[in-house]
Amino acid sequence: MTTPSGAGPDPGAIEVLDRDAGDPDLAIGATGLLGELNRAGVLAVADVHVAERLGVLGAEPDESVRLATALAVRAARSGSVCVDLTQAPQLAPDVAWPEMGPWVERVRASVLLDDTGPLRWEYDRLYLTRYRQEEEQVRADLVARTRQAPPDVDSDRLAAGLERLFVLAEGGNAGVAAGVADQRAAARAVVTGWTTVLGGGPGTGKTTTVARVLSLLLDQPVPGHRDRSSTATPLRVALAAPTGKAAARLQEAVNAEAGRFDPADRHGLDRLEAVTLHRLLGSVPGRSQRFRHDRQHRLPYDVVVVDETSMVSLTLMARLLAAVRPDCRLVLLGDPDQLSSVDAGAVLADLVDGLPGLAGEPPTPSAAPDAASFASTAGDNRPVPTVSGSPPTVITPPSVVLLRHPFRFGSAIAALAEAVRDGEADRALDLLSGDDGHLRLVVDGRDPSVRRPVVEAALAVVAAARRGDAERALDHLLQHRLLCAHRTGPRGVSDWEARVERWAAESGVTVQPGRWYLGRPVLVTMNDYALGLYNGDSGVTIADGDGGLRVAFPSVTGWRTFAPRRLAAVQTTHALTVHRSQGSQFGHVTFVLPEADSPLATRELLYTALTRARNGVTLVGTPEELRSAVERPVTRASGLRQRLRDRRDL
Ligand SMILES: Nc1ncnc2c1ncn2[C@@H]1O[C@H](COP(=O)(O)OP(=O)(O)OP(=O)(O)O)[C@@H](O)[C@H]1O
């Protein structure tokens with residue numbers, strides 16, 4: 001998707017507020033442009049205060065520089081890594097902004113940009129120093145990974161493995177054949193390189209491919225051994241994801257796929273566990289940005305696979321790249337078109353666009369460093385190869401492979417998601433007005449065609465719950481999901497939650513809002529490692545056969561149930577925000593479109609909502625609201641893709 005970095009403000013970030021005197025959102029004492037933009041709702045109190053403080057500490061008297069500082073703070077708070085000042089006037093067109101040329105010059109000349117100052121200017125953007133350093137570190141670590149000789153690979157064995165594991169099932173059409181060919185290309189890239197980004201929409205086979213790739217890797221002879229043998233150290237593999245729920249899904253998918261392999265190809269992958277990235281890196285209590293594993297204490301793995309990389313922030317990616325050994329194969333999976341991380345950065349999309357820039361030069365094996373220089377590291381007993389005085393050349397380029405063929409969901413949804421991704425509103429509206437039966441746009445939320453699937457799904461869940469049939473209840477729970485962009489307001493989760501409970505009650509279901517009742521769908525809102533339940537897990541309340549209630553959750557073996565009182569943090573979930581639904585899929589999705597001028601009406605949000613559905617989608621809203629979302633890509637300012645394309649030290 002084309003989301004030009006730094007092309008404009010992130011509309012999702014602008015919060016429009018009604019302001020009164022005494023409003024806690026007003027920065028007391030803020031004057032001039034800072035005060036005006038605070039009152040207009042563009043700058044938050046924290047943006048103003050941090051800018052004022054840095055201005056005082058750095059003895060920067062120029063108000064326009066403090067304004068730029070506040071915008072850099074605002075940018076980071078809103079998901080951007082830096083700010084493009086030339087775009088700033090779009091935030092509040094009626095405000096008298098400083099004249100651009102002289103303003104930029106004053107900012108660039110400010111003491112706040114001194115060597116030890118809090119700001120940096122690069123790629124025509126203003127950074128808080130910390131983010132500029134993280135971006136640069138990500139680039140430097142990725143470059144370092146290209147400067148090693150490629151991994152040793154037994155190509156005959158690899159070819160035989162590819163033939164064995166990536167076969168076109170009988171009856172597969174041309175689309176499937178192309179999909180399998182892409183998966184093979186991805187597998188080859190992972191085996192023969194150090195850094196691979198494997199992107200694709202839902203159901204394109206990313207985790208299936210990874211399971212097969214891991215089998216291929218484990219089938220390779222260990223360096224120094226003619227063959228894999230009991231005396232050889234097996235490859236150490238780590239599976240990780242940004243959230244506990246995503247980690248659990250990755251583990252299940254890899255275990256399940258490996259379970260389908262011939263025993264000789266399994267290599268224990270059917271029992272491999274996945275962890276959160278924070279666990280992998282070793283969280284330090286009270287230090288959310290520091291980890292036990294870092295550049296001095298590298299992770300002891302030969303292969304690290306990260307799923308749902310679109311949810312990984314720049315900071316977390318920087319920490320990960322610092323901690324993985326350069327000679328550890330790093331595989332980043334995810335959908336670059338989905339919503340980005342909550343924290344600053346759009347790393348996956350930047351890597352997909354920018355990494356091929358690093359690979360721009362053909363590999364030159366003759367320039368391979370002789371690995372003469374080694375630095376020993378704690379946390380891993382093997383030396384880490386470093387390159388000393390070697391020619392600055394790409395030897396093993398990183399790979400970006402995009403999988404395009406959806407194996408899981410219907411072609412109508414895939415076509416609609418593609419139109420949205422490509423920003424083609426007319427095509428999207430055409431698809432929605434067709435009579436395919438899987439896609440609908442309904443203007444009025446009270447329309448019976450909106451109510452029907454919602455109530456039918458709720459009744460089916462309750463019927464199974466009453467019988468104590470956990471499997472069926474969970475199955476029905478996944479058949480339909482109502483999604484909203486907002487949490488509150490007439491189109492938000494809380495209003496629709498109440499509406500669905502009212503519809504269910506009118507249809508004979510006993511509903512006790514906020515309490516436990518048969519068929520109550522719940523969402524876990526905090527990781528509970530003791531119970532093995534994760535933030536984002538969905539469950540349903542069923543009869544325990546003894547007059548009481550249990551709450552059933554899906555598990556690798558089918559389902560598990562818990563007494564309601566053991567669940568410390570759950571909420572009812574007849575409706576869900578799109579952000580919360582990331583990483584899950586449902587049979588049918590009803591998505592309540594945000595109003596056309598809502599800051600959440602974005603292409604990424606709509607794409608993410610659509611790709612949660614496997615069989616059908618009902619959009620509730622007007623054609624104008626759909627068009628507005630399709631035509632507004634989120635633009636998170638970042639210099640990473642430009643930095644990766646910049647061949648200054650290659
Ligand atoms: N080459 C293939 N041939 C047949 N089926 C496949 C192939 N690759 C994947 N599939 C099937 O497609 C479905 C989706 O695969 P998979 O879960 O790996 O996709 P994904 O991209 O990881 O999806 P998500 O992003 O939703 O996790 C699975 O049922 C899988 O078995």
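Rules used in this analysis
- Along each chain, residue indices are assigned from 1 in the same order as the chain's sequence is written.
- In view of the model being predicted, local features appear only for residues whose pLDDT reaches at least 70, and side-chain atom pairs are presented and counted only at 80 or more, with totals across whole chains, interfaces and linings using the full set of residues.
- Hydrogen atoms and water are omitted, and side-chain values are computed over all heavy atoms in the structure.
- UniProt positions are given in the numbering used here, feature names are shortened, and annotations may be inferred rather than shown by experiment.
- The way it works is that DSSP assigns letters per residue, a run of H or I at least four long becomes a helix, a run of E at least two long becomes a strand, and they are numbered from the N terminus.
- Here, a strand pair is defined by DSSP locating no fewer than two bridges between the strands.
- Axes, fitted as lines to C-alpha atoms, cover a helix only where it is in contact. Angles between the N-to-C directions of the axes lie from 0 to 180 degrees.
- Residue ranges assigned to each domain were obtained from an automatic or database domain assignment.
- For each residue, the accessible area found with a 1.4 Å probe, counting protein chains only, is set against the maximum for its type, and the residue is called buried under 20%, exposed over 50%, and partly exposed in between.
- It suffices for a single heavy atom of a residue to lie within 4 Å of a molecule or strand for the residue to be listed as near it.
- Distance and chemistry together define a polar contact, namely a pair of N or O atoms within 3.5 Å, with one atom able to donate a hydrogen and the other to accept it when in protein, and with adjacent residues in sequence counting only for side-chain atoms on both sides.
- The protein chains shown are the only cover counted for residues, whose accessible areas, like all others here, come from Shrake-Rupley with a 1.4 Å probe.
- By the convention adopted, Pro, Cys, Tyr, Trp, Phe, Met, Ile, Leu, Val and Ala count as nonpolar, Lys, Arg, Asp and Glu as charged, and the other residues, Gly among them, as polar.
- In this description, contact between two residues means that some pair of their heavy atoms is separated by no more than 4.5 Å.
- Expected helix span is given by 1.5 Å per residue-to-residue step, counting one fewer step than there are residues.
- In what follows, roughly perpendicular refers to angles from 65 to 115 degrees, roughly parallel to angles under 35, roughly antiparallel to angles over 145, and oblique to any angle outside these ranges.

Caption draft 1: Spatial organisation of the UniProt feature "domain: RecBCD enzyme subunit RecD N-terminal" (unreviewed entry) in the chain. When the UniProt feature table is mapped onto this chain numbering, "domain: RecBCD enzyme subunit RecD N-terminal" (unreviewed entry) sits at residues 40–127. The annotated region residues 40–127 carries 42% helix and 10% strand content, and the separation between its end C-alpha atoms amounts to 23 Å.

Caption draft 2: Structural view of the sheet that holds strand β10 (residues 329–334). A sheet is described by the order of its strands in space; here six strands give the open sequence β6-β5-β9-β10-β4-β13, paired in parallel fashion. This sheet does not close on itself; its edge strands, each paired only once, are β6 (274–276) and β13 (399–403). Between one strand and the next, the sheet's axes are offset by a mean angle of 20°, whatever the strand orientation. Bridging between strand β4 (residues 195–200) and β10 involves five bridges; their strand directions are parallel. Looking across to β10, one finds that Val197 is bridged to Leu332.

Caption draft 3: Representation of the domain arrangement of the chain in the model. When its domains are assigned, the chain resolves into domain 1 (32–122), domain 2 (136–166 + 175–220 + 235–360 + 395–404) and domain 3 (411–631). Look at where the C-alpha atoms of domain 1 and domain 2 centre, and you get two points 37 Å apart.

Caption draft 4: Focus on unusual backbone geometry. Residues other than glycine seldom take positive phi values, yet Tyr123 does so here, at roughly 50°. Inspection of the secondary structure puts Tyr123 in the loop between β2 (119–122) and β3 (125–128). Of the residues examined, Tyr123 reaches a relative accessible area of 17% and is grouped as buried. With phi around 50°, His267 is a residue other than glycine that occupies positive phi space. Relative to the elements of secondary structure, His267 occurs in the loop between α10 (263–266) and β6. Among the residues examined, His267 registers a relative accessible area of 33% and is labelled partly exposed.

Caption draft 5: Seen up close, the site of the ligand. Taken together, 14 residues lie around the ligand, and Gln183, Lys206, Thr207, Thr208 and Arg408 are the ones closest in. A distance of 2.9 Å separates a nitrogen atom of the ligand from a polar atom in the side chain of Gln183. Taking Thr204, its main chain carries an N or O atom lying 3.2 Å from an oxygen atom of the ligand. Alone, the ligand offers 630 Å² of accessible surface; in the complex the protein occludes 76% of this. Taken together, the elements giving at least two residues each to the shell around the ligand come down to α7 (174–192) and α8 (206–219). Here the shell around the ligand takes four residues from α8, the largest share from any one element. Broken down by class, the residue content of the shell around the ligand amounts to three nonpolar, seven polar and four charged.

Caption draft 6: Molecular detail of helix α13 (residues 347–358). Here α13 lies mainly inside the structure; 10 of its 12 residues are buried. Three or more residues of α13 are buried, namely Val347, Leu348, Ala349, Asp350, Leu351, Val352, Gly354, Leu355, Gly357 and Leu358. Contact partners of the buried residues in α13: α5 (129–146), β4, α12 (314–323), β10, β13 and α22 (640–645).

Caption draft 7: How the structure looks around α7. With 19 residues, α7 extends 27 Å between its outermost C-alpha atoms, agreeing within 8% with the 27 Å of an ideal straight helix rising 1.5 Å per residue. Inspection of α7 places Val176, Gly179, Val180, Gln183, Ala186, Ala187, Ala189, Val190 and Val191 among the buried residues, and these make up the whole buried set. Against α6 (155–165), β4, α8, β10 and β13 lie the buried residues of α7.

Caption draft 8: Layout of the packing of helix α16 (residues 448–466) against helix α18 (residues 493–506). Where α16 meets α18, the closest approach of the two axes is 10 Å, and the angle between their N-to-C directions is 75°. In terms of their interaxial angle, α16 and α18 are classed as roughly perpendicular. Facing Val450, Arg451, Val454 and Val455 of α16, the residues of α18 in contact are Trp496, Val500, Trp503 and Glu506. Here the residues of the contact of α16 with α18 sort into six nonpolar, no polar and two charged.

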